[in-house]
Every structure is written in C-alpha cells, then in structure tokens.
Amino acid sequence: MKFGIFAGCYLVCVTLSLAQEYNDYSSFISANATLAVVVDQDYMQQQNVNILSHFQKILSDTIRENLKNGGLNVKYFSWSGIRLKKDFLAAMTVMDCENTMKFFKSTRANSVLLIAITDADCPRLPLDQALMIPLVGRGEEFPQMILDAKVQNILPWKTAVVIMDENLVNENTKLVESVVHESTKNNVVPISLYLYSINERLRSQRKRQAIREALLPFQRHPRESNQFIVFSKFYEDIIETADNMDMYHVNNQWLFFVLEENTENFDAMAVTQNLAEGANIAFVLNETLPSCETSLNCTLQEISMAFVLSISKLIAEEQSIYGEISDEEWEALRYTKKEKQDDILQTMKEYLKNHSRCSTCSKWRLTTALSWGKSQEHNKPRRGLSENRNKYFEFVNIGYWTSVLGFVTHELAFPHVKHNFRNITLDIITMHRPPWQILKKDQRGEIIQHSGIVMEILKELSRMLNFSYILHDASSLDANEDMVNLNDTDQLLGSLTYIIPYQVAEMLQANKFFIAALAATVDDPDKKPFNYTIPISIQKYSFISRRPDEVSRIYLFTAPFTLETWASLVGVIVITSPVLFIINRFVPVEHLKVKGFATIKNCFWYIYGALLQQGGMYLPQADSGRLVIGFWWIVVIVIVTTYCGNLVAFLTFPKFQPGLDYFFQLYNHKEYEQFGLRNGTYFEKYAATSTRNEFTKYLEKATIYNNLREENIEAVKRGERVNIDWRINLQLIIQKHFEKDKEFKFALGKENFLDEQISMLMPSNSPYLILLNEQITRLNQMGFIERWHQTNLPSMDKCNGRGVMRQITNHKVNLDDMQGCFLVLLLGSLGALFVMLLEFLHRRWQLKYADKTKQTIFSN
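Reading the values: rules and limits
Along each chain, residue indices are assigned from 1 in the same order as the chain's sequence is written. The predicted nature of this model means local features are confined to residues of pLDDT at least 70 and side-chain atom pairs, given and counted, to a pLDDT of 80 or more, with totals for whole chains, interfaces and linings taken over all residues. For side-chain calculations, the full set of non-hydrogen atoms in the structure is used, while hydrogens and water are omitted. Whenever a pair of cysteine sulfur atoms sits within 2.5 Å, that pair is classed as a disulfide. To qualify as a helix, a DSSP run of H or I must reach at least 4 residues; to qualify as a strand, a run of E must reach at least 2; elements of each kind are numbered from the N terminus. Note on exposure labels: buried denotes an accessible area under 20% of the residue type's maximum, exposed denotes more than 50%, and partly exposed covers the range between, all computed with a 1.4 Å probe on protein chains only. Working definition: rings of Phe, Tyr and Trp (its six-membered ring) pair if their centres are within 6.5 Å, and the pair is stacked with planes under 30 degrees apart, edge-to-face with planes over 60 apart, and tilted otherwise. Only Lys NZ and Arg CZ are tested; either one counts as a charge over a ring when it is within 6 Å of the ring centre and within 35 degrees of the ring normal. Any two strands with at least two DSSP-identified bridges between them are counted as paired. Angles run from 0 to 180 degrees between N-to-C directions of axes, and those axes are lines fitted to C-alpha atoms, restricted for helices to the stretch in contact. Residues are treated as being in contact if the distance between any of their heavy atoms lies within 4.5 Å. Only residues whose relative accessible area exceeds 30% and that take part in no salt bridge are eligible for patches, with like-charged residues grouped when within 9 Å of each other and nonpolar side chains (Val, Leu, Ile, Met, Phe, Trp, Tyr) grouped when within 5 Å. For the area figures, the Shrake-Rupley method with a 1.4 Å probe applies, and any residue is considered shielded solely by the protein chains shown. By definition, a salt bridge exists where a carboxyl oxygen of Asp or Glu is found within 4 Å of a side-chain nitrogen of Lys or Arg. Call a crossover right-handed when, viewed with both strands pointing away from you, the route from the first strand across the helix to the second goes clockwise. These descriptions rest on fixed angle ranges, namely under 35 degrees for roughly parallel, over 145 for roughly antiparallel, 65 to 115 for roughly perpendicular, and the rest for oblique. Three classes are used: nonpolar for Ala, Val, Leu, Ile, Met, Phe, Trp, Tyr, Cys and Pro, charged for Asp, Glu, Lys and Arg, and polar for all others, with Gly counted as polar. Take the number of residues in a helix, subtract one, and multiply by 1.5 Å to get its expected span. By nonpolar core we mean a set of buried residues, namely Ala, Val, Leu, Ile, Met, Phe, Trp, Tyr and Cys, connected to one another through side-chain atoms within 4.5 Å.

**Looking at the state of the cysteines**
Tallying each qualifying case throughout the model produces two disulfides. Paired through a disulfide, cysteine 97 and cysteine 122 show a sulfur-sulfur distance of 2.0 Å. What sets the handedness of the cysteine 97 and cysteine 122 disulfide is the S-S torsion sign, and at about 75 degrees it is right-handed. One end of the pair, cysteine 97, is in helix α4 (residues 97–109); the other, cysteine 122, is in the loop between β4 (113–118) and β5 (130–134), and 25 residues separate them in sequence. Residue cysteine 97 shares its accessibility class with cysteine 122, and that shared class is buried. Sulfur-sulfur distance for the disulfide between cysteine 298 and cysteine 358 comes to 1.5 Å.

The following block contains the structure:
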C-alpha cells in the first residue's frame, strides 16, 4: 500500500512538472511575442535585391498599423546558419530550398514555428508544422505541383507515362526533374518516367496518328496497369485516341492538366461523353485569378499582414479570457507554445487563402470521375442529362492546390483504385440451384437468406471490392421459365449447370445486372451474348458400374505362394529326405547311426513334420546330420513366417475380379449391354464433335435420360448398364444406395476423362470482368473456394479409402474366408482314407504272398 501511494504521488508530481515545463512560454499579456526574420545574404546577392531592408520596412509598417493589442519583438539576421533559442515563437525566412530544409530541422528541434519563403521546385514542408511559400511564377506551377503531389501522396505511383506539348518540354525543363526527383529525407519517392512530347505543328489526322504511336507501347493487357500524366492543349485528341485503343480500363489511371487559362467553360462531362464506365480519369484545372501578381515584395507584405493579424487576434482572445478568471485558473487554461503556434498557422492560412493577390494566389482545382458501377447503382436511370452525354459519369471536386497550402483534398485523386465500388449497391441476378445457389424466401417471395458455393464467392467479392448488392431471382422475373420442372420423387440426384435461363441471358445482354451469380458451364464463350468469369469450379466426368465380385477364397490357403514356389517347396522336401537318409546311412561310426532315419520314408515324414513345426522323435547324432537338420530348420522358419504373414494379408484384404476402371475398357466387357447419359450435358455436346472414337460410339448407343426411371440405377446395380455423369453426382448416388443397402454395390471409374469448367456470368461489355477475375484468382490461391466446395458438394466419406480402411479394421473372419481351411482338412481326410485303403490292400497282398510262400515250401 505504501508503495502504491508513493508511486501515485510520484506520477502526479512528474506530470505536473512536465506540464509546467511544456507550458513555460510566457503569455502575451505578460510579455511580447518574439519573431526572428532570417534573410540569407547569399540569396540576396543572387536576387540583386536588398531583401532584408525591404522586409524590415514592410514588417515594421504592418506592425505599427495593424497590431493594436500588445507588441511584437522582431530580430533580424542575415546568416542562414543561425540557431534560434526556444524564446522565439516563430521565424520568417527568405532563403534557397537547401538552406530552408536545414533551417527547418533546427527550428523544429527548438519548437519554433517556421514561415519560409523559398525557391520554386522545393519539396513541401509538413503542412501542420510549417508554412512554406515557394515563389512560383505564372505558368511555372507544374514542377511544384508534381513535387507536392509526391510529398503528400496524391500520386503514389512508381511509374508514369508523361505526355507533354513540345514547347512545354523546352520551356519548363524542371517539370521532368520534379517527376523523377527523389529525396529520402523529405519523403519524395521517384517515379520512373516515360516521356513523350507532342509536336504542336502537326494537324488533324497526323497529330492523332502521332498520339496513337506514342500510346501504342502502353496498350498492354488490361491486367497490367499504367499511369498517365498529360500536360497538353490537345487533351481532347488524346482522350479520343486512347478511348479508341481501349486504354480506359479499370487498371489504368489518367491525370490531365488542362492548360487553358480560362477553364470556366471546361465541361468534363462533354469531354468524356464517349467513355465507358470504369475509367479512372481526373482533371486539374487552372483557377488562378487574372489579377494575381508575381512579386517578392508583395509576398512579404502578405505574410507580414497574415502574421501580425494572427498575433493580434491571439492577444485579444487572451485579454478577453484573462479578465474573467482568476490567476490560478488562467495559468491552468492558457495556451501552450505549441497551441499558440497551431492557432497562428491556421489563421495565417485562412487569411492567405481569402486575401492573396500575389504569387500565393495561384490556384488549381482537382476534379475526378466517379464511374464504377454507375450503370447498375440501384438500377435507376439518371435524369436531367441529355442523350448525347455520358450518363454514367459523375465528376466531383476533390480539392485544390495553392502555392501556400499545397494540395488540400477531401478525397483521393482516383478513389476507385483504392476503394473500388465505394460501397454502392449493385443489382445481381441469380436463381435457386443447390448446391451452387441455395435461396430461402419469405411468404412474399423475397430472398431472405442465401448460401451455396456461388453465394459464398459473391459475399467475399462484395467485401473485397467494397460493394453491397440486391439479389433478384431469375425464376420470378418471367412466368414462362424454360427449366424442366420435375416431381420431387422423380428428380435426378446431383446438379448440373448446362442450362442458362433465357431471361438471364437477355438481362445480361441489356446490361441490367452487374453479374449473374449462378454457376454456368463454359461453352462457346465467343458465341454467347455475355462473358464468363474464370472458372470457379472444375467438374470431372466419370462413369458408374457394378462393383466387381470378390475372387473365390476357397483356394485362399494356396494364395500366399505362387505355383512355382509350391513346386520348389515340394522339390526341396523330396530332395532333402534322401540326403538325410544317405548321411545317416553312411556314418562311419556305427553307434552314431539313428534307427529312426534308417528308411527314406521315415526321413520324409521327419522333414515334412519339421516343415509344420512339429519336430520329431529322433535327432541325428552325427555332426553331418545335425548340419542338414539345422539348416533345414532355418529354411522352415523363413517359409513359415512368410506364409503366415501373407496369409493374414490375404485374409484381411479381399481380392476382386478385374473391373471397369478406364473408359477404353468399356467395350471389352460384353456384359454391359446398356449405356446411359443425362440429357443436355456438356459431355453429350463434346462427344458429338470429339475425335475420340470411344466417345462417339458411346453417344450412339447411349440412352438419354431425364428422370430416375430412365436413369435405371437398378440395371447398373445388376451389372447390365453403365452411366456417365459428373463424378460428384455419381458419388451422391453411391452414397445414397450405401445408406439404404449398407453395402457397396457400385464402382466409380478411376479415369476422369472430361473436365467441365463452371463460371459465373457478366455482361459482354462489362469493364469489371478483369477485376472480378483477379479476385476469384486470389480466392482460389487462398483456398477459400476449395473449402466451400468441400462444405457444399457431396462427399464420399462413407465410400472412400477411409471407409474401406474402417471396414478392414473391423473385418471379422467369416465362412467365406475359412472355406479353404475346411477344404484342406477335407483333402487331408480323403488322402488319409485313400492311403489307408492302399495300406489295407498292401497288407492283404503281403498276407496272400506269405500264404503262397508257405504252400510252396510245404509242397517241396
């Protein structure tokens, strides 16, 4: 607690001390304001004028005549390297650009307000920290305007195509320098320049041809952007020529400086009457008064008057407030030094704006076009415009430029480049087609909710391009809809996009809607009265057939080894038995011989028993026999381990008969007698003109169906029919029948033999097709469209590889799996009976032979 109290007291004390230190500048009531006037001696010599003496006389006369309240202390300096103390409230300077920049840094460090008169073509000082007046003569404003545009980020360009009249290039060389000027200290970014000058001696057709040749290198693909700055009296010819070359698309920007001195009669709407919407075009118009003078003494007099009047106004305000409150309240409420400087700066700007008649009165107005989406905005025709004027352009004044203030704007020079459609409302036509467009309506038939793949794309496009939209259902626009209405019980599963309602095509052709937000198959785009966007989906065609039957598992126990392996195994047993017999027979030491291996039959049964890992009653005593048996057991281990492992795999993974995997195999399977194809698909049209014989042959034999009855899935299930459709539609069929039968009865082909591109539709003359394509490409790259596909399109979770793995994991050995085991037992039993019969016959033969032998002996 003590620490908290101490910290709080310390914070309050520090805050009070900082406030006192920041507001240590004296009030105008107790002390006069202090002003420094600095006129560079070298600059005076260059001008051959004693500027300092003129300035001193002008300022003293202005103070004497206009400063009625309080006083003003002025100190004069003729050296630009002087460093002012914090006691000075402001400083007025007359020096070149370089020294002005250096002096500004020193005054900013000491909290001194700078009012600078300097050369033209000088980067603008921060408007909220200083007042800079470049001495710009009439007709010489362009270099300073370009510099100001770069410093104030009015033209945030990296490259520019500059088109100028030839005489302007020769007379105003600094204009080009200002475009390419770079200064990291003053935040001036260079612009790479392509300069072209117009020969003013050319007339009519030759002049337009020259303009066309100049613009031809920049007539690039609309996806590539160019920025143009035009200083020319022939701006109308340039506008017309560029329009004929289709260079007013959404990615290009055009800035025209109109060189006419009298621009009151300039009509931007008339100049751009033939341009289509979507253009980014702005004009800079000269509004300098004819009475504007170019004189240094006049400028000195104006800024002196502005400063003295602002000081006088500030002193009067302090006196009025000071007389009504106590000294303690005054100390708490009085202006700080920074607040006084801000007030003086604002007052001077207002005065110069309204009363300038010198070089500071130069003024140029900026007007820009608002054109994006104007033909679609609320779908309302504009009134009050004649038919020969561009109805879909609106020009607005966005600000002005003066030599005192630089650019003063309330809007971007090209607002559509950054803000796109500026949140206007666009009309969009669509229709209910799950899973692409899913519309939910209220009782009045109005759309209250929308979802689906295309709707998700539309929502994201509206966010990225900054527009709102109103959906219109195409099916409600005309009662005579050309769609085939099917009963719910007889409707085909899946969704296709090959049918485009005629009313949608008509509305787009009439340019009544911004976009048709419905999925449509891309088909003969050059012959359609509308444009397709880039594909939002690629649907693949495949075929469905009966699932192949499993291979019989009755011989499962022979499956782990091939026939050659079994034959080799029998041969090894047959060879190893005599080897063991011979080794045991010819052992040189009699007591090492084993009686159990005295016959080949016993050796055979020992080797066979070892193969079944049963062992035997005897073991060789000699080392030679032990080596044979030892290595044989190694062979047994390898054989048995391999056999058991493979047997488990064959039990777990069923083996199927050869099925129909690829389209070219279709005609090799004679059991398929019927072929099906959904009516009107893209495959039907493609196959009719395809050079692939399998497609043509299929189309000739196919039954074209429109409903479930003609689709005849039961024939597919019986293995008599093959149907072709979108792969996702076939997946939906398989999934539905699996949920019904709890069994896999269908197989999809491994081959996707045809791709169908799905896109949205736009009017054929829409300038925004490139813009939407760029955003759709971004959505594809970010993976959003793929995600919406996974969310809305049918999946094969129950029938895909994961489902099969789950079936394998939960597989129980059934009678089909074990029938081979019982077959082996049956064969063994039958073999045993057969051998027993042979043994019985052999025994009878032995007894009969023994009887004959005895009779022969007795007879003899």
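That was the structure; now back to the text.
**Remarks on the packing of aromatic side chains**
Any pair of aromatic rings gets described here by the distance separating the centres and the angle formed by the planes. Here the structure, examined in full by the defined rule, presents 43 aromatic pairs. Relative to tryptophan 254, the ring of tyrosine 248 has its centre 5.0 Å away and its plane inclined at 35 degrees; by these criteria the two rings are tilted. Tryptophan 254 shares its class with tyrosine 248; the two are buried. For lysine 363, the ring lying beneath its charged end belongs to tyrosine 400, and the centroid distance is 4.9 Å.

**What to know about the sheet that holds strand β11 (residues 363–370)**
Spatial strand order, β7-β6-β8-β9-β10-β11-β12-β13: eight strands in an open sheet with mixed pairing. Two strands lie at the open edges of the sheet, namely β7 (192–198) and β13 (406–409), each paired on one side alone. Averaged over all pairs of adjacent strands, the angle between strand axes in this sheet comes to 20 degrees, irrespective of strand direction. The sheet contact formed by strand β6 (residues 159–165) and β7 spans seven bridges and is parallel. Each residue of the ladder has a partner; that of valine 161, found in β7, is tyrosine 194. Packing against the sheet, helix α8 (residues 204–215) makes contact with β6, β7, β8 (227–232) and β9 (253–258), and its axis sits at approximately 165 degrees to β7.

**A look at the pairing of β4**
With six of six residues buried, β4 lies mostly within the body of the structure. Burial along β4 is two-sided: Leu113, Ile115 and Ile117 and Leu114, Ala116 and Thr118, pointing in opposite directions, are all buried. Of the pairings in the sheet, the one linking strand β3 (residues 90–94) to β4 comprises five bridges and is parallel in character. Within the sheet, the bridge partner assigned to methionine 92 lies in β4 and is isoleucine 115. Where β4 and β5 come together, five bridges link them in parallel fashion.

**Points about a nonpolar patch on the surface**
On the surface, a cluster of nonpolar side chains totalling about 570 Å² of accessible area is made up of Phe834, Val835, Leu837, Leu838, Phe840 and Leu841. Assignment of secondary structure puts phenylalanine 834 in helix α28 (residues 815–859).

**Observations regarding the environment of arginine 547**
Mapped onto the fold, arginine 547 is located in the loop between β20 (537–546) and α17 (563–585). Under the relative-accessibility criterion, arginine 547 is labelled partly exposed at 26%. Along the chain, arginine 547 and leucine 660 lie 113 residues apart, while their C-alpha atoms are 8.7 Å from each other.

**What about the pairing of β9?**
Among the six residues in β9, six count as buried, and that is most of the element. Alternating positions in β9 separate into two faces, Gln253, Leu255 and Phe257 on one and Trp254, Phe256 and Val258 on the other, with burial throughout. Bridging between β8 and β9 involves six bridges; their strand directions are parallel. Pairing of phenylalanine 231 across the sheet is with phenylalanine 257, part of β9. Handedness of the crossover is the feature at issue here: the chain leaves β8, passes through helix α9 (residues 235–244), returns alongside β9, and the resulting connection is right-handed. Pairing analysis gives four bridges linking β9 to strand β10 (residues 281–286), with the strands arranged parallel. In the sheet register, tryptophan 254 faces β10, and the bridge partner there is isoleucine 281.

**Remarks on the sheet that holds strand β1 (residues 33–39)**
Pairing is parallel in the open sheet, where five strands are placed in the order β2-β1-β3-β4-β5. Of all strands in the sheet, those bounded by a partner on one side alone are β2 (72–77) and β5. The average undirected angle you get between the axes of adjacent strands in this sheet is 15 degrees. In this sheet, β2 lies alongside β1 in parallel orientation, the contact comprising six bridges. Bridge pairing in β2 places threonine 34 opposite asparagine 73.

**Some remarks on unusual backbone geometry**
Going from proline 434 to proline 435, the amide bond is cis rather than trans, its omega being 0 degrees. Summarising the element assignment, proline 435 is placed in the loop between β14 (424–430) and β15 (438–441). For aspartate 121, which is not glycine, the phi torsion reads 60 degrees and is therefore positive. Tracing the chain through its elements places aspartate 121 in the loop between β4 and β5. Look at asparagine 712: it is not a glycine, yet its phi comes out positive at around 55 degrees. With relative accessibility at 25%, the residue asparagine 712 sits in the partly exposed group.

**What to know about the packing of helix α5 (residues 141–151) against helix α7 (residues 173–180)**
At a minimum axis distance of 8 Å, the contact between α5 and α7 shows a crossing angle of 5 degrees. Here α5 is positioned roughly parallel relative to α7, judged by the angle of their axes. Listed contacts from α7 to Phe142, Pro143, Ile146, Leu147 and Lys150 of α5 are Lys174, Leu175, Ser178, Val179 and Val180. Counted by class, the contact of α5 with α7 contains seven nonpolar, one polar and two charged residues.

**A look at α4**
Over its 13 residues, α4 extends 19 Å from the first C-alpha to the last, a length consistent with the 18 Å expected when each residue adds 1.5 Å. Every buried residue of α4 is accounted for by Cys97, Asn99, Thr100, Met101, Phe103, Phe104, Ser106 and Thr107. Elements in contact with the buried residues of α4: β1, β3, β4 and β5. Serine 111, located one to two residues past α4, shows a positive phi value of around 60 degrees.

**As for the nonpolar core**
Judged by nonpolar contacts, the single largest core of 57 residues is most densely connected at Phe421, Phe683 and Tyr698. One finds Val39, Ala306, Leu314 and Met348 within the second-largest nonpolar core, a separate group that totals 40 residues.

**Focus: the pattern of salt bridges**
Under the criterion given, the structure shown has 29 salt bridges. For the salt bridge of aspartate 473 with lysine 441, the shortest nitrogen-to-oxygen distance reads 2.2 Å. Separated by 32 residues along the polypeptide, aspartate 473 in strand β17 (residues 467–473) and lysine 441 in strand β15 bring together distant segments of the chain. By relative accessible area, aspartate 473 is classed as buried at 5%. For lysine 441, a relative accessible area of 33% gives the class partly exposed. Members of the salt-bridge network, linked through shared partners, are Lys207, Arg208, Asp237 and Glu240.

No statement about biological role is implied by the geometric values presented.
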